[in-house]
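Observations on the model geometry
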Amino acid sequence: MPTKNNFLDSRQTKEKRSPVSITPSMVEKGTSLLKKMEISVAEAEKRTGKNAVNMQETYTVYLIETRPVDAASEGTNPVLDSLWKRYSEFELLRNYLLVTYPFAVVPPLPEKRAEFVWHKLSADNMDPDFVERRRVGLENFLLRVASHPVLSSDKIFYLFLTEENGWKETVFETGFQAKADSRLKALNATFRVKNPDKRFAEMKHYGDELQSVISQLLRVRARAADRLYGVYKVHGNYGRVFSEWSAIEKEMGDGLQSAGHHMDAYAASVDDILEEEEHYADQLKEYLFYADALRTVCRKHELTQYELEMAVQDLTSKKQQREELATGTIRTFSLKGMTSKLFGQETPEQREAKLKMLETQIEEGEEQVKERNAECDEFVKSAWVDIERFKEQKDHDLRESLISYAIMQISMCKKGIQVWNNAKECFNKM
Amino acid sequence: MMSGSVVDNTVSSGNSSAAIPTDISGQILDLDEDDDLEVFSKDTTLTDGSSFNASMQTSPASMINQYKFEEDADTKDIFVTVDNPESHVTAIETYITYRVMTKTTRSEFDSSEFEVRRRYQDFLWLKGRLEEAHPTLIAHPLPEKFVVKGMVERFNEDFIETRRRALHRFLNKIAEHPIFSSSEDFKIFLTAASGELTSHKKQGPGFLSRMGDTVKAVAAAVRGVRNRPQEFTEMQEYVEAFSQKISSLDKVTQRIVREQKEYLEELKECGPTYALWSQSEEELAEPLKNVAGCVDRCCKETEEQVKNLSDHLIPVLHEYVLCADTLKAVLRRRDNIQADFEAKTEALATKKADRDTMRNDLDKAEDRLEWANNALKSDWTRWQKVMRTDLRSAFVDTAERNVSYYEKCLAVWESFLHSQRTDAEGNGKVDFS
């Protein structure tokens, strides 16, 4: 975990852990925000305090630092702003973005609770390794938002980076929560769309598949990591036994003893290997959660499409009612029609009034259909742009991840070759 | 090659780990004076070819010179192989025989090539005879009669192959031993037709005489040795410790194999998952399929690595676990010989009657003890050298195989990187510089 040293040092130690996916090319593609400032989540700290119900709790806060980009010498970069935020505030920011930009594939947050852990990894949220990986994930999230063509220019996001106190109030003042509640309800409801855009249907299906396959991969990988750990660690027993055996031998003693040391080294090497692999797993996890964001956008499309279809349906039925009223024919079953049949016809004045009301409603209805149509088109257009952008980003990032996985495997093999060659030399001296 | 079900009715007549009857005590000093003259040559053809106990050695004095014999690989003049297991079905039992082929330039052999078939029982008999003749020499262990742990069927292919290799090593170790290899029983084992061997086996010391001596031996063992020389006590301490260490190594290695097998099981699911993923992708399909292929190839290498450990390192470690038991038995037998000598010394001091016979017996016992001690001392040095060579080469071999395993996996992943590089640079997407 980076300590309180100067920014350059902590950036260097973080460079190793920086998500592979954020390459310079993304910055150049250029959001104006990233051109102006460097963003990082430099540290994590434990705090205790009283919560809303006045109970003592322990939580972690993360230090967000921003620096101006144009300062020439990196060593003396003054911090523009630095503020501490909790995970819950990141969540609030994300929810705000979700509601405000429904067409955007909003970058995901790192997982709330550790999942897909293999036995040595802690599932405890307070565990320093988990906190550290979360710090990296939060930084990644901010950089993703900052490099998004639309999200990066959001005022609330900017304030998140620059305002410590009062940011929460500002967000609530936007009133996004009201929209959030109703939209959330609508999204969770099951509804059938008659004519969804085929591309979105396919995207949703892809999102499902991606989520399923990455979950499977993460599970399998975690189990394999567990087993690999066992293989390496058992070799540590060779170290111990060789050492004990060397004590009773004369000529073989030295060779055995030094071979034993190499076996210990071999056993110890697995810790670093698996830690690196955990970063690969984190990269996969990001896209696991991205898959969910993608599906959310598709669901939102369905919602707007559904609302349009509802409006059209409503308009059509109103038009039909007008026709029936005007011509006196009843084509569709309606309660009014039944009751009028049972209890007698209406007076011509009543009919006139009804027609007038219908006309108004139809006018309003047509307006609404027009609006919703436009909304739908707008949504489809901007969502599809963002989906295309997301596809490109995903293809690039995951390919990089696979490459980094290969590099990790190569590094592991090289270590193995070295250790066993060393051991072989020692065995030869036995 | 296998046919039918099997019942292994082998009853060993020469089980090495029980207290060995010291019935040879009467026979060792059946000296033929002429034999003394032959001992000083490097050629270890000491057998006079006539009696079945010709593998009994000559006087203790001559033995000392004998054991300074240095082994020289270049002068290896006998080559033995064990292969070609076949099953035989008779009315009463089913058993396996192995082909034993010998190629030799030794003059005491009638011919230079021999081919016979032997079953496990025959190997047991041979070992028993060698140990009877040389109670304090260290014979390489035979594979166990049947596998105790695990539900291994006694006659499945893996078991037979493992046993065959161990029998091969056993005969080669006997052939490399300066004393054992010139044993008449060994020669007969390698050359006699089945019928001949059977009749030869029947000519052993009589059952009753063996019984009598067994009783004497048990008595001596119960009495225990009083004044064991320090060097043999040190030997015993070493053997105790060695036995523990080698058993630990055996267990550790078996545990490694288990863990690797479990790792392999999980790894086998990774490749197909990547392949499944590639089906949902367009741009990513190729690298994902590639990765799937790499993971599958690494799986194959891991599988082979596991097999290597099981086939090469574990059998050697296991044999040295059994060696440790052999050493313990050898030390016990030596102790018994000394205990017998001590008992006879005491008897001479206390009893009044039969003094002449008792003096005679005591002299024989003294000679036997001196002979046993010298034999053990020399063979101990030889054994330690052989052990060192065997274990060194087993571990070096294991290290080499591990290096090779990692090298192969390295190549797999490097080829993936290479494919991505040429692909990317071709598409102008990624700059690897």
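Numbering of residues starts from 1 in every chain and runs along the sequence as written. Starting at A for chains and at 1 for ligands, labels are handed out in the order in which the entities are written. Totals for whole chains, interfaces and linings use every residue, but because this is a predicted model, local features are given only for residues with pLDDT of at least 70 and side-chain atom pairs only at 80 or more, for both listing and counting. Heavy atoms throughout the structure, all of them, feed into the side-chain values; hydrogens and water do not.

Naming follows an unreviewed UniProt entry, where chain B appears as PX domain-containing protein of Sinocyclocheilus rhinocerous. Recorded in UniProt under Sequence similarities (unreviewed entry), the annotation for chain B is "Belongs to the sorting nexin family." UniProt positions are given in the numbering used here, feature names are shortened, and annotations may be inferred rather than shown by experiment.

In the nomenclature of an unreviewed UniProt entry, chain A corresponds to Sorting nexin-4-like from the organism Sinocyclocheilus rhinocerous. Under the UniProt heading Sequence similarities (unreviewed entry), the note attached to chain A is "Belongs to the sorting nexin family."

To qualify as a helix, a DSSP run of H or I must reach at least 4 residues; to qualify as a strand, a run of E must reach at least 2; elements of each kind are numbered from the N terminus. Scanning chain A from terminus to terminus reveals twelve helices and three strands. For chain A, buried positions account for 49% of its 430 residues. Any two residues whose heavy atoms approach within 4.5 Å at even a single point are treated as in contact. A separation threshold of at least 6 residues defines the contact pool for chain A, and within that pool the share at least 24 residues apart is 77%. Working definition of accessibility: Shrake-Rupley area with a 1.4 Å probe, residue cover restricted to the visible protein chains. In the structure as shown, chain A presents an accessible area of about 21,600 Å², 51% of it carried by carbon and sulfur atoms. Categorising residues by exposure relies on relative accessible area from a 1.4 Å probe, with only protein chains included: less than 20% of the type maximum marks a residue as buried, more than 50% marks it as exposed, and the intermediate range marks it as partly exposed.

As a further point, take the confidence of the model for chain A. Residues and elements named next belong to chain A. Per-residue confidence from the predictor is reported as pLDDT, which spans 0 to 100. Here chain A averages 84 in pLDDT, while 83% of its residues score no lower than 70. Helix α9 (residues 198-246) holds the highest mean pLDDT among the elements of chain A, 95, whereas helix α1 (residues 7-17) holds the lowest, 39. Here residues 1-28 is modelled with pLDDT under 50, and outside its nearest four sequence neighbours on either side it reaches 49 contacts, counting other chains as well.

Residue and element names in this part refer to chain B. Between any two strands, at least two bridges found by DSSP are needed for them to pair. Reading across the sheet, the three strands line up as β1-β2-β3 and stay open at both edges, with antiparallel pairing between neighbours. Unpaired on one side and paired on the other, β1 (78-89) and β3 (113-119) mark the two borders of the sheet. Strand after strand, the sheet turns through a mean of 20° between neighbouring axes, direction not considered. Here β1 runs beside strand β2 (residues 94-104); their pairing, made up of ten bridges, is antiparallel. Across the sheet, T81 pairs through a bridge with M101, a residue of β2. Lines fitted to C-alpha atoms define the axes here, with helix axes fitted over just the stretch in contact, and angles between the N-to-C directions of these axes take values from 0 to 180 degrees.

Our focus in this paragraph is the sheet that holds strand β1 (residues 37-50) of chain A. Residues and elements named next belong to chain A. On the basis of which strands lie adjacent, the open sheet formed by three strands has the order β1-β2-β3 and antiparallel pairing. One side of each edge strand has no neighbouring strand; the edge strands of this open sheet are β1 and β3 (81-86). Between one strand axis and the next, the sheet turns through 25° on average, direction left out of account. The sheet contact formed by β1 and strand β2 (residues 56-68) spans 13 bridges and is antiparallel. In the strand pairing of β2, I39 is matched with T66. Set on the sheet, helix α6 (residues 155-162) makes contact with β1, β2 and β3; between it and β3 the angle comes to about 100°.

Moving on to the interface of chain A and chain B. Taken together, the contacts link 54 residues of chain A with 53 residues of chain B. Here chain A meets chain B over a buried area of about 5,300 Å², counting both sides, of which 73% is carbon and sulfur. By the criterion of area lost to chain B, the three top residues of chain A are R227, Y238 and R399 of chain A, representing 13% of everything that side buries. Across the salt bridge formed by R223 of chain A and E266 of chain B, the nearest N and O atoms sit 2.8 Å from each other. The term polar contact refers here to a pair of N or O atoms within 3.5 Å; inside protein, the definition further demands a hydrogen-donor-capable atom paired with an acceptor-capable atom, and it admits residues adjacent in sequence only when both atoms are side-chain atoms. Inspection of the chain A/chain B interface yields 16 residue pairs in polar contact (both at pLDDT 80 or more). When residues of the side of chain A that touches chain B are assigned to their parent elements, the largest contribution, 23 residues, is made by α9 of chain A. By convention, the term buried area covers the 1.4 Å-probe accessible surface removed from two parts as they join, with the contributions of both added. Basic side-chain nitrogens of Lys or Arg form a salt bridge, by our definition, when they fall within 4 Å of a carboxyl oxygen of Asp or Glu.

Before going further, it helps to examine unusual backbone geometry. Most peptide bonds take the trans configuration, and most residues that are not glycine carry a negative phi. Unlike most non-glycine residues, N54 of chain A shows phi in positive territory, near 60°. By the element assignment, N54 of chain A lies in the loop between β1 and β2. Despite not being glycine, N84 of chain B shows a phi value in the positive range, around 55°. Mapped onto the secondary structure, N84 of chain B falls in strand β1. Classification of N84 of chain B by relative accessible area gives partly exposed; the value is 29%.

Attention now goes to the domain arrangement of chain B. All names here are of chain B. Segmentation into domains, and thus their bounds, comes from an automatic or database assignment. Annotation of chain B at the domain level lists domain 1 (78-204) and domain 2 (230-422). One C-alpha centre belongs to domain 1, the other to domain 2; they are set 22 Å apart. Counting residues at the interface gives 20 residues for domain 1, matched by 24 residues for domain 2. Broken down residue by residue, the surface that domain 1 buries against domain 2 is led by P135, T136 and I138, which jointly contribute 36%. Summed over the shared surface of domain 1 and domain 2, the number is three salt bridges. Where domain 1 meets domain 2, there are eleven residue pairs in polar contact (both at pLDDT 80 or more). Counting residues per element, the ones that place at least two in the side of domain 1 that touches domain 2 are α4 (120-133) and α5 (157-176). Considering only residue class, the side of domain 1 that touches domain 2 consists of nine nonpolar, four polar and seven charged. Following the grouping adopted for this structure description, the nonpolar residues are Ala, Val, Leu, Ile, Met, Phe, Trp, Tyr, Cys and Pro, the charged ones are Asp, Glu, Lys and Arg, and the polar ones are all others, Gly among them.

Attention now goes to the pairing of β2 of chain B. All names here are of chain B. Among the eleven residues in β2, eight count as buried, and that is most of the element. If you look at the hairpin formed by β1 and β2, you'll find four residues sitting between the two strands. As paired strands, β2 and β3 are joined by seven bridges and run antiparallel to one another. Its bridge partner being in β3, T102 is matched across the sheet by F114.

The subject of this paragraph is α5 of chain B. To estimate how far a helix should reach, multiply one less than its number of residues by 1.5 Å. Between its terminal C-alpha atoms α5 of chain B stretches 28 Å, which fits the 28 Å expected from 20 residues at 1.5 Å a residue. Listed in full, the buried residues belonging to α5 of chain B are F159, I160, R163, R164, A166, L167, F170, L171, N172, K173, I174 and A175 of chain B.

This part takes up the nonpolar core. W245 of chain A together with Y274 of chain B are the most contacted members of the largest nonpolar core, which has 161 residues in total. Ignoring anything within four residues of it in the chain, the contact list for W245 of chain A reads M252, L256 and M430 of chain A together with F242, K245, I246, L249, M387, L391 and F395 of chain B. For our purposes a nonpolar core is just a set of buried Ala, Val, Leu, Ile, Met, Phe, Trp, Tyr and Cys residues, chained together by side-chain atoms within 4.5 Å. Grouped together as the second largest cluster of nonpolar side chains are 33 residues, V100, Y120, A139 and A375 of chain B included.

On to helix α10 (residues 285-350) of chain B, then. With 66 residues, α10 of chain B extends 96 Å from end C-alpha to end C-alpha; this agrees with the ideal 98 Å at 1.5 Å per step. The bend at a residue is defined as the angle formed between two axes, one fitted to the seven residues ending at that residue and one fitted to the seven starting there. Taken as a whole, α10 of chain B carries its principal kink of about 35° at I314 of chain B; the proline P315 of chain B stands between one and four residues after it.

Its place among the elements puts A224 of chain A in helix α9. Look at A224 of chain A and you get buried, because its relative accessible area is 6%. In this structure the C-alpha to C-alpha distance between A224 of chain A and N373 of chain A, which are 149 residues apart in sequence, comes to 51 Å. Contacts of A224 of chain A, omitting those with residues within four sequence positions, involve Y263 and E266 of chain B.

What follows deals with the packing of aromatic side chains. Whether two aromatic rings pair depends on their centres lying within 6.5 Å, for rings of Phe, Tyr and Trp, where Trp uses its six-membered ring; planes under 30 degrees apart make the pair stacked, over 60 edge-to-face, and the rest tilted. For the structure on display, the rule yields 28 aromatic pairs over all chains. Ring centres of Y232 of chain A and Y266 of chain A lie 4.3 Å apart, and the angle between their planes is 20°; this geometry places the pair in the stacked category. Of this pair, Y232 of chain A sits in helix α9 while Y266 of chain A sits in helix α10 (residues 253-327); the two residues are 34 residues apart in sequence, bridging distant segments of the chain. Y266 of chain A shares its class with Y232 of chain A; the two are buried. Aromatic side chains W245 of chain A and F242 of chain B sit 6.1 Å apart centroid to centroid with 65° between the ring planes, which places their arrangement in the edge-to-face category. Highlighted residues: W245 of chain A in helix α9 and F242 of chain B in helix α9 (residues 230-278), drawn from two different chains. Aromatic ring contacts, followed pair by pair, group W245 of chain A together with Y238, F242, Y320, W380 and W383 of chain B into a single cluster. Here the basic side chain of R47 of chain A rests over the ring of W84 of chain A, its NZ or CZ set 5.0 Å away from the ring centre. In this scheme, Lys NZ or Arg CZ marks a charge over a ring once it lies within 6 Å of the ring centre and within 35 degrees of the ring normal. Geometry around Y95 of chain B places R119 of chain B over its ring, the cationic atom sitting 3.8 Å from the centre.

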